[in-house]
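# What the coordinates show
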Amino acid sequence: MYWSNHASGMDSEDQTVSDRVRFSLDGRTQLTNNIAGYGFYEWEIEHNGDSTENQEVNGRYAYLGVDFGKFGQVQVGRYEDPFEYAGNVVDNLEEAGLLCGLDERNSGHLSYMWSGYGFDAGVSYQFAEDSYDADQFDTIDVNGGFSVYAGYTTPTVGFGPISIRAAYLYLDGQHEGEGTKLTKIAPDGQEQEVGNVFTKNIKSSDFGLSWGNMGDGWYVATHYNYAKATGYGTENNNDFEAIAKTKTWESMVSYGFDNGVVLSAAYSQVKLKVEANADVDSLDLAEGEATVTSKYAQVVASYDVNENFRVWGEAIFDCGSDDGYNIYDLYKGDEGKAANAFLVGARYTF
């Protein structure tokens, strides 16, 4: 992939080519006539403007399960929480993608999932894990949690089926250790630690609506996520309590031609509101409250040369995001820059 400005972890002025390799193992075996066991593991190695030969090997997925056919399946391991079922109606673009919200891969899942007669439903339990990726709320240490989801997809109506989905997620934070460090730039320009913040819990509701099949004629989808993180902390020996809320609305439209070309356009708006019972300088809460909004749009064109080889291009446009808060730049690791960029890429799948 070629980035016009920067890949993850690089300065925004740097143009670079990013290369990535993923290797996976996928197995399935019949245990009885109606029950099958399965497993999946995927690793990733990536260079983002760093030519060092010795790069980290990241384990993206690692799970196994038992498929009971029409009675559903049980799965355990590392993967996206099934909560993402509602948001994935818009999570089908290329590299930059949309936020969706709390849909990252994490370890410690135990899930039951069922599909039949157009309906989908499931429940999942989250075991205790450190460094849980809570997406827009950064990483937290969790004691446990759960999620539920349900949805219905109609038969073809017009140009495709209509799918209605909803999900709920709860995470209980660990109230021990060092929490997340709070830092502030000192007068000498150096970053100094001024306190810590702990997450009590995170609650999130997710809703998705789509019409059509992605890549096959018209496809339109919209998604809404509401998430609330409750926490407490200490800054310069002063205790405070805080609540962070995000409201995410994302929509997309796409058309897939018979020759393998797919054209897509999407819009994302994420509003973050943080409230505290005291001034918190390191969080820019001058009067105990702050609200910022991220707005960006993207257009994507992809072409499947054959079933193995895809090429694509995409452009990302900032649409008036508040300074210091743009979801695309948070994703790329450069919070203070406007999100105007384009990239081209190619992918070969064996």
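Residues numbered from 1 in each chain as written. Predicted model: local features only at pLDDT ≥ 70, side-chain atom pairs only at ≥ 80, totals over all residues. Heavy atoms only, no water.

Now for the overall build of the protein. Regarding its fold elements, the protein presents one helix and 18 strands. The burial tally for the protein puts 42% of its 350 residues in the buried class. Considering only contacts in the protein between residues 6 or more positions apart, those separated by 24 or more positions represent 57%. Total accessible area computed for the protein in this model is approximately 18200 Å², and 51% of it derives from carbon and sulfur atoms. (Helix = DSSP H or I, 4+ residues; strand = E, 2+ residues; numbered from the N terminus. Buried < 20%, exposed > 50% of the residue type's maximum accessible area, 1.4 Å probe, protein only. Contact = heavy atoms within 4.5 Å. Areas by Shrake-Rupley, 256 points an atom, 1.4 Å probe, with all protein chains shown as cover.)

The sheet contact formed by strand E7 (residues 119-126) and strand E9 (residues 139-157) spans eight bridges and is antiparallel. Counterpart to Gln 126 in the pairing with E9 is Gly 145. Between strand E8 (residues 129-133) and E9, which pair antiparallel in sequence order, lie five residues; one of them, Asp 135, sits at a positive phi of approximately 60 degrees. In this antiparallel pair of consecutive strands, E9 and strand E10 (residues 160-173), the connection spans two residues, and Gly 158 shows a positive phi of 70 degrees. (Pairing = 2+ DSSP bridges.)

Under the counting rule described, the total for this entry stands at 11 salt bridges. Put simply, Glu 44 and Arg 60 hold a salt bridge, and the shortest N to O gap is 3.7 Å. One end of the pair, Glu 44, is in strand E3 (residues 36-48); the other, Arg 60, is in strand E4 (residues 58-67), and 16 residues separate them in sequence. Side by side, Glu 44 and Arg 60 carry an identical accessibility label, which is buried. One salt-bridge network, in which partners are shared between bridges, spans Arg 20, Arg 22, Glu 42, Glu 44, Glu 46, Arg 60 and Glu 95. (Salt bridge = Lys/Arg side-chain N within 4 Å of Asp/Glu carboxyl O.)

Scanning all chains against the criterion turns up 19 aromatic pairs. Following the ring pairs from residue to residue traces out a cluster consisting of Tyr 38, Phe 40, Tyr 61, Tyr 63 and Tyr 79. The ring of Tyr 61 carries Arg 105 above its face, with NZ or CZ at 5.6 Å from the centroid. Residue placement shows Arg 165 over the ring face of Tyr 85; its charged tip is 4.3 Å from the ring centre. (Phe/Tyr/Trp six-rings, centres within 6.5 Å; stacked < 30°, edge-to-face > 60°. Lys NZ or Arg CZ within 6 Å of the ring centre and 35° of its normal.)

With that settled, consider a nonpolar patch on the surface. On the surface, a cluster of nonpolar side chains totalling about 1000 Å² of accessible area is made up of Leu 64, Phe 68, Phe 71, Val 74, Val 76, Leu 110, Tyr 112, Val 123, Tyr 125, Phe 127, Phe 146 and Val 148. Among the elements of the structure, strand E5 (73-80), strand E6 (105-116), E7 and E9 are those that each provide at least two residues to the nonpolar patch. (Patch = residues over 30% accessible without salt bridge, like charges linked within 9 Å, V, L, I, M, F, W, Y side chains within 5 Å.)

Per-residue pLDDT for the protein averages 87, and the proportion of residues at 70 or more is 87%. Ignoring residues within four places in sequence, the model shows residues 8-12, a span with pLDDT below 50, making 13 contacts including any to other chains. (pLDDT = per-residue confidence, 0-100.)

Residues Leu 102, Tyr 132, Ala 134, Phe 137, Ile 140, Leu 171 and Ile 202 are the most contacted members of the largest nonpolar core, which totals 23 residues. Elements that contribute at least two residues to this core include exactly E9, E10, strand E13 (216-235) and strand E15 (261-276). Non-local contacts of Ile 202, meaning those with residues more than four positions away in its chain, are made with Leu 102, Ala 134, Phe 137, Ile 140, Leu 169, Tyr 170, Leu 171, Lys 228 and Ala 229. Membership of the second largest hydrophobic core comes to 12 residues, among which are Leu 93, Ala 221, Ala 266 and Ile 316. (Core = buried A, V, L, I, M, F, W, Y, C linked by side-chain atoms within 4.5 Å.)

Quick look at the environment of Ala 86 now. Looking at the element boundaries, Ala 86 is found in the loop between E5 and E6. What makes Ala 86 buried here is its relative accessible area of 0%. Considering only alpha carbons, one finds Ala 86 and Phe 207, 121 residues apart in sequence, at a separation of 5.5 Å. In this structure Ala 86 touches Arg 165, Ala 166, Ala 167, Asp 206, Phe 207, Gly 208 and His 223, once residues within four positions along its chain are discounted.

Next up on the list: the environment of Asn 143. Here Asn 143 shows up in strand E9. Residue Asn 143 is classed as partly exposed on the basis of its relative accessible area of 37%. With 57 residues separating them along the chain, Asn 143 and Lys 200 place their C-alpha atoms 9.9 Å apart. At a separation of 3.3 Å, a polar atom in the side chain of Asn 143 contacts the main-chain carbonyl oxygen of Gly 173. (Polar contact = N/O pair within 3.5 Å; in protein donor to acceptor, adjacent residues only side chain to side chain.)

Attention now moves to unusual backbone geometry. The backbone of Leu 102 shows a phi angle near 55 degrees, a positive value even though the residue is not glycine. Here Leu 102 shows up in the loop between E5 and E6. Notably, Asp 138 is not glycine yet its phi reads approximately 70 degrees, a positive angle. As for its placement among the helices and strands, Asp 138 is situated in the loop between E8 and E9.

Moving on, we come to the side chain of Ser 204. The topology assignment puts Ser 204 in strand E12 (residues 191-213). For Ser 204, the side chain forms a polar contact with the side chain of Asn 225, separated by 3.0 Å. The contact partners of Ser 204, leaving out residues within four places of it in the chain, are Phe 83, Leu 102, Ala 167, Tyr 168, Leu 169, Asn 225, Tyr 226 and Ala 227.

Here the focus is the pairing of E7. Burial along E7 is one-sided: the face carrying Asp 120, Gly 122, Ser 124 and Gln 126 is buried and the face carrying Phe 119, Ala 121, Val 123 and Tyr 125 is not. Following E6, the chain reverses through two residues before pairing antiparallel with E7; Tyr 117 in that reversal takes a positive phi of roughly 60 degrees.

Mapped onto the fold, Lys 200 is located in strand E12. Setting aside its immediate chain neighbours within four residues, Lys 200 contacts Leu 171, Asp 172, Gly 173, His 175, Thr 230, Gly 231, Tyr 232 and Glu 241.

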